[in-house]
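Residue-level structural notes
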Amino acid sequence: MLPPTEPVRLIQVGAGMMGRAWLNVIAQSPDVRLVGLVDLNLEAARQASAGLGDLALATRLEDLIGRVEADAVINVTIPEAHAEVSITALLNGLAVLCEKPVADTMSAALSMVAAAEVSGRLLMVSQSRRYWRHLDAFRGQIARLGRLGIVECRLFKAPHFGGFRDEMPYPLLTDMAIHQFDLARDLIGSEPVWISCESFNPAWSWYAGDAAAQVTASFAGGTRFGFLGSWCSAGLETSWNGTWRVSGADGTAAWDGDNEPVAELTGGEPVRAVPGTGPEEIAGSLAEFVAAVRSGSVPSTEVHRNVMSLAMVEAAIRSAQTGRRTILADLLGEAYEHALSAGQRPELRAALAAWPSLPEVIGGSARSSDSQEISDVSPR
């Protein structure tokens, strides 16, 4: 924990497009101070840090650890590098705020969970679309709806990114849907049991892989979640957050993803929307991270609580590939066995082997008696 009057000293790893967005947010926050920047391309780091003062630059995080005094790392590398960078930081005593997704695979994510446990340091995942003031209002309305039965999200956009996204086999699922899956977990308040997915690519699509998908998921407690999305649907586009409709025993709430949500109870009474007041998007992630580092509190997307969002993505892709429903317990068990058998630091292997059962360790958007429906898999 740090005194509330002292800024949290940060090393950022990654100086690409998203890295520059983070640098801008960090520069505007009085609660943090950037002390170092790491990128494989040192010239990119120099250009990104221009005007940010005297920063230590390096091509590897290891080269800055011990050279500068820091409290935490902001990990804005590509997903394939998330595990290596985060584990290095954690085991060197630094808290980590990692861009989503937590890792490129579930087995790597589980190793990161183990590293957080071994180090005793915070690993938080930046799920920036949780931080919207109108989303806070939507959460408040949903709390009035009683037992939830149906949660639906639709997302229709037509971005022309160019580059690697155009060549991904499942660009919508891999690069976008984790936001909506994570919000579904947040709003429903329990964990998914199974997922069924059909992915496809409209004839006019400019993506090589499937740019559209239809997903159905069943959550512990019986709530059904439906997602229909496309990244090649121009005209009448939705919010990047998607459009949402939530139906419960006592009423329904709807949010267009951008503006004030609306809700109505079964008797016809409207439910007032009370928006939040905090910072939004990645500024919201940073604010929650700083508060947790200073106080020792557990943020909403701490790594144990967040890995199930990545599991939903993997499960949807597996279902799309096999044409069958994916059981989350099966996917998690396989990821655990792979993490345990992979080349692993001895201390991380020991931490993984000590887990009593996966439901007791990961997940936790709501830890209740319903959690037993998620998995009866024991690692041992």
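Residues numbered from 1 in each chain as written. Predicted model: local features only at pLDDT ≥ 70, side-chain atom pairs only at ≥ 80, totals over all residues. Heavy atoms only, no water.

Attention now moves to the sheet that holds strand E5 (residues 95–99). Spatially, E3-E2-E1-E4-E5-E6 is the arrangement adopted by the six strands of the open sheet, whose pairing is parallel. Sheet topology places strand E3 (56–58) and strand E6 (123–126) at the edges, where each strand pairs with a single neighbour. Between one strand and the next, the sheet's axes are offset by a mean angle of 25 degrees, whatever the strand orientation. Sheet topology places strand E1 (residues 8–13) next to strand E2 (residues 32–38); six bridges connect them, and they run parallel. (Pairing = 2+ DSSP bridges. Helix = DSSP H or I, 4+ residues; strand = E, 2+ residues; numbered from the N terminus. Axes fitted to C-alpha atoms, helices over the stretch in contact; angles between N-to-C directions.)

Our focus in this paragraph is the sheet that holds strand E8 (residues 192–200). Sheet architecture is open: eight strands sit in the order E13-E12-E11-E7-E10-E9-E8-E14, paired in mixed fashion. Each of the sheet's edge strands pairs with one partner strand only, and the pair in question is strand E13 (262–265) and strand E14 (326–327). Relative to E14, E8 runs antiparallel, the two being bridged by two bridges. What sits directly across from Trp194, in E14, is Ile327. Sheet contacts for helix H5 (residues 133–142): strand E7 (148–156), strand E11 (243–248), strand E12 (251–255) and E13; angle to E12, the most-contacted strand, approximately 170 degrees. Lying over the sheet, helix H7 (residues 177–188) contacts E7, E8, strand E9 (212–219), strand E10 (224–230) and E11, oriented at roughly 160 degrees with respect to E10. (Contact = heavy atoms within 4.5 Å.)

Mapped onto the elements, Asp39 comes out in the loop between E2 and helix H2 (42–48). Buried Asp39, no salt bridge; nearest opposite-charge side chain is Arg20, N-O distance 8.5 Å. Within polar-contact distance, the side chain of Asp39 engages the backbone nitrogen of Ala15 at 2.8 Å. Excluding residues that lie within four positions of it along the chain, Asp39 makes contacts with Gly14, Ala15, Gly16, Ala44, Ala45, Ala58 and Thr59. (Buried < 20%, exposed > 50% of the residue type's maximum accessible area, 1.4 Å probe, protein only. Lys, Arg positive; Asp, Glu negative; His and termini not counted. Salt bridge = Lys/Arg side-chain N within 4 Å of Asp/Glu carboxyl O. Polar contact = N/O pair within 3.5 Å; in protein donor to acceptor, adjacent residues only side chain to side chain.)

Here we take up the pattern of salt bridges. All chains considered together, the criterion is met by 15 salt bridges. For Arg130, the salt bridge identified is with Asp182, shortest N-O distance 2.6 Å. Of this pair, Arg130 sits in the loop between E6 and H5 while Asp182 sits in helix H7, and the two are 52 residues apart along the sequence. In this structure, Asp175 engages Arg165 in a salt bridge whose closest nitrogen and oxygen atoms are separated by 2.5 Å. You can see Asp175 sitting in helix H6 (residues 171–175) and its partner Arg165 sitting in the loop between E7 and H6, a full ten residues away along the chain. Arg165 sits in the buried class, given a relative accessible area of 18%. Taken together, the shared-partner salt bridges in this structure form one network comprising Arg130, Asp136, Arg139, Asp182, Arg185, Asp186 and Glu191.

Between its terminal C-alpha atoms helix H9 (residues 303–322) stretches 29 Å, which fits the 28 Å expected from 20 residues at 1.5 Å a residue. In terms of burial, H9 is largely enclosed, as 14 of its 20 residues are buried. Trailing H9 by a residue or two, Gly323 shows a phi angle of about 75 degrees, which is positive. (Expected span 1.5 Å × (residues − 1).)

A few words on the nonpolar core. Ranked by size, the top nonpolar core spans 95 residues in total, and within it Ile11, Leu173, Phe181, Phe225 and Trp244 carry the most contacts. With ten residues, the single largest contributor to this core is H9. Beyond its immediate stretch of four places on either side in the chain, Ile11 contacts Val35, Gly36, Val38, Leu61, Leu64, Val68, Ala70, Ala72, Val73 and Ile74. By size, the runner-up hydrophobic cluster in this structure holds 29 residues, among which are Leu2, Ala95, Leu122 and Val293. (Core = buried A, V, L, I, M, F, W, Y, C linked by side-chain atoms within 4.5 Å.)

Turning to the side chain of Thr326, a few remarks are in order. Checked against the element boundaries, Thr326 lands in strand E14. Polar contacts involving the side chain of Thr326 include one to the main-chain carbonyl oxygen of Ala315, which spans 3.0 Å. The residues contacting Thr326, other than those within four sequence positions of it, are Val193, Trp194, Ile195, Ala315, Arg318, Ser319 and Leu331.

This brings us to the state of the cysteines. Per the stated rule, a full pass over the model turns up zero disulfides. Here Cys197 stays unpaired: no disulfide links it, and the sulfur of Cys153, its closest cysteine neighbor, is 14 Å away. You can call Cys197 buried: its relative accessible area is 4%. (Disulfide = S-S within 2.5 Å.)

Next up on the list: the packing of aromatic side chains. Summed over all chains, the structure comprises ten aromatic pairs. Seen from their ring centres, Phe161 and Trp231 are 4.9 Å apart, and the 55 degrees between their planes marks the pair as tilted. One end of the pair, Phe161, is in the loop between E7 and H6; the other, Trp231, is in the loop between E10 and E11, and 70 residues separate them in sequence. Of the residues examined, Phe161 reaches a relative accessible area of 35% and is grouped as partly exposed. Given a relative accessible area of 1%, Trp231 falls into the buried group. An aromatic cluster of three or more residues is present, and its members are Phe161, Trp206, Tyr207, Trp231 and Trp240. When the ring centre of Trp194 is taken as origin, the NZ or CZ atom of Arg325, which lies over that ring, is 3.5 Å away. (Phe/Tyr/Trp six-rings, centres within 6.5 Å; stacked < 30°, edge-to-face > 60°. Lys NZ or Arg CZ within 6 Å of the ring centre and 35° of its normal.)

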